[in-house]
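Structural overview
Chain residues, written in single-letter form:
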Amino acid sequence: MGRAAVTGTARSAAPRTVQLCLSGDLTGCGQARAFTERALTDWGLDRCVDDALTVVSELTANAMLHARRCGAGAEGESDVRLRLTRRPSHLVCAVTDRSDAVPLSPHTPDSFQEHGRGLFLVEALAQHWGWTRYTPTGKTVWAILATEAPA
């Protein structure tokens, strides 16, 4: 089961950042979705729950797939972390893993391909997305979602 860490400054205010260490088995994506839904509900961000759940699902699934390919962790173990950060006008969804595999730029998905739609969906839903490489290994893939209704 994943472990959650919450950080924040004001005791009476909802925390600005929450983090979850995901299990490396097939339940990791479900854990990420449930955690995201709880956090956004607690923060009163019901308007962006559906988009955030889709983005978190895609980023987490990619991280779990690539972290396993690179051999990070034993079966049932993972170094995949989900971090959600609430800002005044946006939400940052970030997933960190130990894989050095570079996220491929989104392309128009082939309707007959089983894979390859994830980052296309992330790009369609997010204001911005990108990734940061770590030394000696690993990366964080992040997406920024608007939390306010478009003007």
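Everything quoted here is computed from the prediction, not taken from an experiment.

So, about the overall build of the protein. Helix and strand counts for the protein come out as three helices and six strands. The order of helices and strands in the protein, counted from the N terminus, is β-β-α-α-β-β-α-β-β. Looking at the 151 residues of the protein, the share that counts as buried comes to 38%. When contacts within the protein are restricted to residue pairs at least 6 apart in sequence, those whose partners lie at least 24 apart make up 59%. Accessible area of the protein: about 8800 Å², with a carbon and sulfur share of 53%.

With that settled, consider the nonpolar core. Here is a general trend for soluble globular proteins: nonpolar side chains tend to be buried in one another's company. Residues Leu-40, Leu-59, Leu-84 and Leu-91 are the most contacted members of the largest nonpolar core, which totals 31 residues. Breaking this core down by element, the ones donating at least two residues are β2 (17-21), α1 (28-42), α2 (49-69), β3 (81-86), β4 (90-97), α3 (118-125) and β6 (139-146).

Right, let's talk about the pattern of salt bridges for a bit. The tally for this structure, following the rule as stated, stands at two salt bridges. One salt bridge connects Asp-97 with Lys-139, and the closest N-O pair in it is separated by 3.1 Å. Note that Asp-97 is positioned in strand β4 and Lys-139 in strand β6, a separation of 42 residues in sequence. Lys-139 shares its class with Asp-97; the two are buried.

Turning to a negative patch on the surface, a few remarks are in order. On the surface, a cluster of negative charge is contributed by Glu-37, Asp-46, Asp-50 and Asp-51. Residue placement: Asp-51 occurs in helix α2.

Within the fold, Ser-99 resides in the loop between β4 and α3. Overall, the relative accessible area of 2% leaves Ser-99 in the buried class. There is a polar contact of 2.9 Å between the side chain of Ser-99 and the backbone nitrogen of Ala-101.

What follows concerns unusual backbone geometry. Between Thr-135 and the following residue, Pro-136, the backbone shows a cis peptide bond with an omega angle of 10°. When you line up the elements, Pro-136 lands in the loop between β5 (128-133) and β6.

It is worth spelling out α1 at this point. Counted at 1.5 Å a residue, the expected span for α1 with its 15 residues is 21 Å, and the 21 Å between its end C-alpha atoms agrees. Listing the buried residues of α1 in full gives Gly-28, Gln-31, Ala-32, Phe-35, Thr-36, Ala-39 and Leu-40. Mapping the buried residues of α1 onto a view down its axis gives an arc of 150°, with all of them on the same face.

Confidence in the prediction for the protein averages 81 pLDDT; 73% of positions are at 70 or higher. Here strand β1 (residues 3-7) stands out as the least confident element of the protein, with mean pLDDT 52; β3 is the most confident, with 97. Note on residues 8-12: pLDDT is under 50 here. Beyond four places in sequence and across chains, it has one contact. Per-residue pLDDT stays below 50 along residues 70-76; that stretch engages in eight contacts with residues further than four places along the chain or on separate chains.

Next up on the list: α3. When α3 is considered as a whole, its buried residues turn out to be Gly-118, Leu-119 and Val-122. Projected down its long axis, α3 carries its buried residues within an arc of 85°, all on one side.

This part covers the pairing of β5. The pairing of β5 with β6 spans six bridges and is antiparallel. Paired with Trp-131 across the bridge in β6 is Val-141. Between β5 and β6, which follow one another and run antiparallel, lie five residues, and Gly-138 among them has a positive phi close to 100°.

Cut-offs applied
Residues numbered from 1 in each chain as written. Predicted model: local features only at pLDDT ≥ 70, side-chain atom pairs only at ≥ 80, totals over all residues. Heavy atoms only, no water. Helix = DSSP H or I, 4+ residues; strand = E, 2+ residues; numbered from the N terminus. Buried < 20%, exposed > 50% of the residue type's maximum accessible area, 1.4 Å probe, protein only. Contact = heavy atoms within 4.5 Å. Areas by Shrake-Rupley, 256 points an atom, 1.4 Å probe, with all protein chains shown as cover. Core = buried A, V, L, I, M, F, W, Y, C linked by side-chain atoms within 4.5 Å. Salt bridge = Lys/Arg side-chain N within 4 Å of Asp/Glu carboxyl O. Patch = residues over 30% accessible without salt bridge, like charges linked within 9 Å, V, L, I, M, F, W, Y side chains within 5 Å. Lys, Arg positive; Asp, Glu negative; His and termini not counted. Charge placed at Lys NZ, Arg CZ, Asp CG, Glu CD. Polar contact = N/O pair within 3.5 Å; in protein donor to acceptor, adjacent residues only side chain to side chain. Expected span 1.5 Å × (residues − 1). Arc of directions from axis to C-beta. pLDDT = per-residue confidence, 0-100. Pairing = 2+ DSSP bridges.

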